[in-house]
Amino acid sequence: MNAIRKKDKVLILAGKDRGKQGEVIEVLRDVERVRVAKLNLVKRHNRATQTEPAGIREKEAPLHISNVMLVCPKCAKAMRPKSDRLSDGTKVRVCRKCGEMIVS
């Protein structure tokens, strides 16, 4: 089961933005990385196109999924979610701190 999904709130554990929280905007499953909104920004030099002028732009660089931890929306604590099954057999993520089901 995938612990981190798009639109989840995560805490960054390592790197220049350690300790900051943000929302996941993209999950790259094949390389085990995530992009977090407005965090881990890098500058990129862009060539001019017909629609955009040339310039230096900032964009989010991907972080390895092991360097982020899910934040529970109910208790606001960072934790590794545990996987549980409902009575109808569907898998859900559950907070280890407060026991609340995490809905995405």
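Preceding this section is the structure that the text describes.
Conventions adopted
- Residues numbered from 1 in each chain as written.
- Predicted model: local features only at pLDDT ≥ 70, side-chain atom pairs only at ≥ 80, totals over all residues.
- Heavy atoms only, no water.
- Helix = DSSP H or I, 4+ residues; strand = E, 2+ residues; numbered from the N terminus.
- Rg over C-alpha atoms; globule rule 2.2 N^0.38 Å.
- Buried < 20%, exposed > 50% of the residue type's maximum accessible area, 1.4 Å probe, protein only.
- Contact = heavy atoms within 4.5 Å.
- Areas by Shrake-Rupley, 256 points an atom, 1.4 Å probe, with all protein chains shown as cover.
- Pairing = 2+ DSSP bridges.
- Polar contact = N/O pair within 3.5 Å; in protein donor to acceptor, adjacent residues only side chain to side chain.

S.K.: What is the right way to look at the overall build of the protein chain in this model?
M.R.: When you go through the protein chain residue by residue, the secondary structure sums to zero helices and ten strands. Beginning at the N terminus, the succession of helices and strands in the protein chain can be written as β-β-β-β-β-β-β-β-β-β. Taking 2.2 N^0.38 as the reference for a compact globule, 104 residues should give roughly 13 Å; the C-alpha atoms of the protein chain span a radius of gyration of 17 Å, well beyond that estimate. Taking the principal axes of its C-alpha atoms as reference, the protein chain extends roughly 55 × 30 × 20 Å. Residues classed as buried in the protein chain amount to 25% of the 104 residues present. The long-range share in the protein chain, meaning contacts at least 24 apart out of those at least 6 apart in sequence, stands at 37%. For the protein chain, the exposed area adds up to about 7,300 Å²; of that, 47% sits on carbon and sulfur atoms.

S.K.: Looking at this structure, how should I read the sheet that holds strand β9 (residues 91-94)?
M.R.: Here three strands make up an open sheet; going across it, the order is β8-β9-β10 and the pairing antiparallel. The outermost strands of the open sheet, each flanked by one partner alone, are β8 (82-85) and β10 (101-102). Bridge count between β9 and β10: two bridges; the pairing is antiparallel. In the strand pairing of β10, Arg93 is matched with Ile102.

S.K.: Mind showing me how you'd approach the environment of Lys38 here?
M.R.: Along the chain, Lys38 turns up in the loop between β3 (33-36) and β4 (41-46). Along the primary structure Lys38 and Ile25 are separated by 13 residues, whereas in three dimensions their C-alpha atoms are 9.7 Å apart.

S.K.: So what exactly am I meant to see when it comes to the side chain of Arg93 here?
M.R.: Among the secondary structure elements, Arg93 is positioned in strand β9. You can call Arg93 buried: its relative accessible area is 2%. Separated by 2.7 Å, the side chain of Arg93 and the backbone oxygen of Ala3 make a polar contact. A polar side-chain atom of Arg93 sits 2.7 Å from a polar atom in the side chain of Asp8.

S.K.: Can you walk me through the side chain of Asp17 in this structure?
M.R.: Following the sequence through the fold, Asp17 ends up in the loop between β1 (9-12) and β2 (21-28). With a relative accessible area of 10%, Asp17 lands in the buried category.

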